[in-house]
Amino acid sequence: MSQTFDFADWLEICNLKARYCRLLDTKDWDGWTALFTEDCEIDTRPAGGTLETGRDDFVSMVRRSLAEAKTVHQVHSPEITIDGDIGEAVWAMQDRVVKDEFSLTGYGHYHETYRRSADGWKIARQKLSRLIVDIART
C-alpha cells in the first residue's frame, strides 16, 4: 500500500508524542494539556483504567493520580499513517510509575488518532493496551 504525505507531518507527530512523555513525566500540566483536542477521548480500559471524554476531565484525573508519583514514559517504533488532517499511529511503549510503596512497569501500545488544528497536530483519541505489567512493593 503506497501512501503519500509530507514528512514534516510525520515528524511533527513524532515530536508531539515525545513532548507527551516529557511533559507528563516532568508534571508540566499546562504544556501537557495543550497536546490534546478539547473533545479528546482517552481509553485506558484495556490496561485496567477508564474511558475519559474531554481534555479537562482527563488531564484533571491524570494530575490527581500522578501528582505525587515519579514516572517515566518511553515510546518507540511508531507506525504512522496520515491522510489529510487526520493521522493515526501505534507506538510501542514502556512506562514506570513509582508512588508511595508501589511500583509498576508496563509494556504495551498506544493507539492514537491525531487531528491537525491551527496550532498543529493534537491527540484526538488514545487507547492504551498493555501486554505485560510488573507490579511490586518498593
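Whatever comes next refers back to the structure up there.
Residues numbered from 1 in each chain as written. Predicted model: local features only at pLDDT ≥ 70, side-chain atom pairs only at ≥ 80, totals over all residues. Heavy atoms only, no water.

Student: What am I meant to see in the packing of aromatic side chains here?
Tutor: Per the stated rule, a full pass over the model turns up eight aromatic pairs. Relative to Trp-10, the ring of Phe-7 has its centre 5.4 Å away and its plane inclined at 20°; by these criteria the two rings are stacked. Separated by three residues within a single helix, Phe-7 and Trp-10 lie in helix α1 (residues 7-25), roughly one turn from each other. By relative accessible area, which is 53% here, Phe-7 ends up exposed. Aromatic pair Trp-32 and Phe-58: ring centres 5.4 Å apart, planes at 35°, arrangement tilted. Of this pair, Trp-32 sits in helix α2 (residues 29-33) while Phe-58 sits in helix α3 (residues 55-66), placing them 26 residues apart in sequence. (Phe/Tyr/Trp six-rings, centres within 6.5 Å; stacked < 30°, edge-to-face > 60°. Helix = DSSP H or I, 4+ residues; strand = E, 2+ residues; numbered from the N terminus. Buried < 20%, exposed > 50% of the residue type's maximum accessible area, 1.4 Å probe, protein only.)

Student: Is there a simple way to think about the nonpolar core in this case?
Tutor: One recurring pattern in soluble globular proteins is that nonpolar side chains are buried together. Within the largest apolar cluster, 29 residues are counted, with the highest numbers of intra-cluster contacts made by Tyr-20, Trp-32, Phe-36 and Tyr-114. Only α1, α2, β1 (36-43), α3, β3 (70-83), β4 (86-99), β5 (102-117) and β6 (120-137) provide two or more residues apiece to this core. Top element by residues in this core is α1. It accounts for seven residues. Sequence-distant contacts of Phe-36, that is, excluding residues within four places in its chain, are made with Tyr-20, Ile-42, Arg-55, Phe-58, Lys-122 and Ile-123. (Core = buried A, V, L, I, M, F, W, Y, C linked by side-chain atoms within 4.5 Å. Contact = heavy atoms within 4.5 Å.)

Student: Got a minute to help me understand the pattern of salt bridges in this structure?
Tutor: When their charged atoms lie close together, side chains carrying opposite charge are able to pair. Counted by the stated rule, this structure contains nine salt bridges. Two residues, Asp-56 and Arg-55, come together in a salt bridge whose shortest N-O distance is 3.8 Å. Taking relative accessible area as the criterion, Asp-56 reaches 55% and is therefore assigned exposed. When its relative accessible area of 18% is taken as the criterion, Arg-55 is described as buried. Residues joined in a network through salt bridges with shared partners are Asp-9, Asp-85 and Arg-116. (Salt bridge = Lys/Arg side-chain N within 4 Å of Asp/Glu carboxyl O.)

Student: How do you make sense of the sheet that holds β6 when you look at a structure like this?
Tutor: By definition, the strands of a sheet pair up through backbone hydrogen bonds, in either a parallel or an antiparallel sense. The six strands lie next to each other as β2-β1-β6-β5-β4-β3, forming an open sheet whose pairing is mixed. Each edge of the open sheet carries a strand with a single partner, namely β2 (51-53) and β3. When strand polarity is set aside, the average angle formed by the axes of neighbouring strands in this sheet is 20°. With three bridges connecting them, β1 and β2 associate as antiparallel partners. (Pairing = 2+ DSSP bridges. Axes fitted to C-alpha atoms, helices over the stretch in contact; angles between N-to-C directions.)

Student: So what exactly am I meant to see when it comes to the environment of Ile-132 here?
Tutor: As for its placement among the helices and strands, Ile-132 is situated in strand β6. Discounting residues that sit within four places of it in the chain, Ile-132 has contacts with Thr-105, Gly-106 and Tyr-107.

Student: I'm lost on the pairing of β4 in this one. Help?
Tutor: In the case of a regular strand, side chains alternate between the two sheet surfaces. Relative to β4, β3 is paired through twelve bridges, and the arrangement is antiparallel. Bridge assignment links Thr-71 to a residue of β4, and that residue is Val-97. Linking β3 back to β4 in an antiparallel pair, the connection comprises two residues, with Gly-84 at a positive phi of about 65°. Pairing of β4 with β5 involves 14 bridges; the strand directions are antiparallel. Note on β5: the bridge partner recorded for Val-97 is Leu-104. Joining the antiparallel neighbours β4 and β5 is a turn of two residues, in which Asp-100 adopts a positive phi near 55°.

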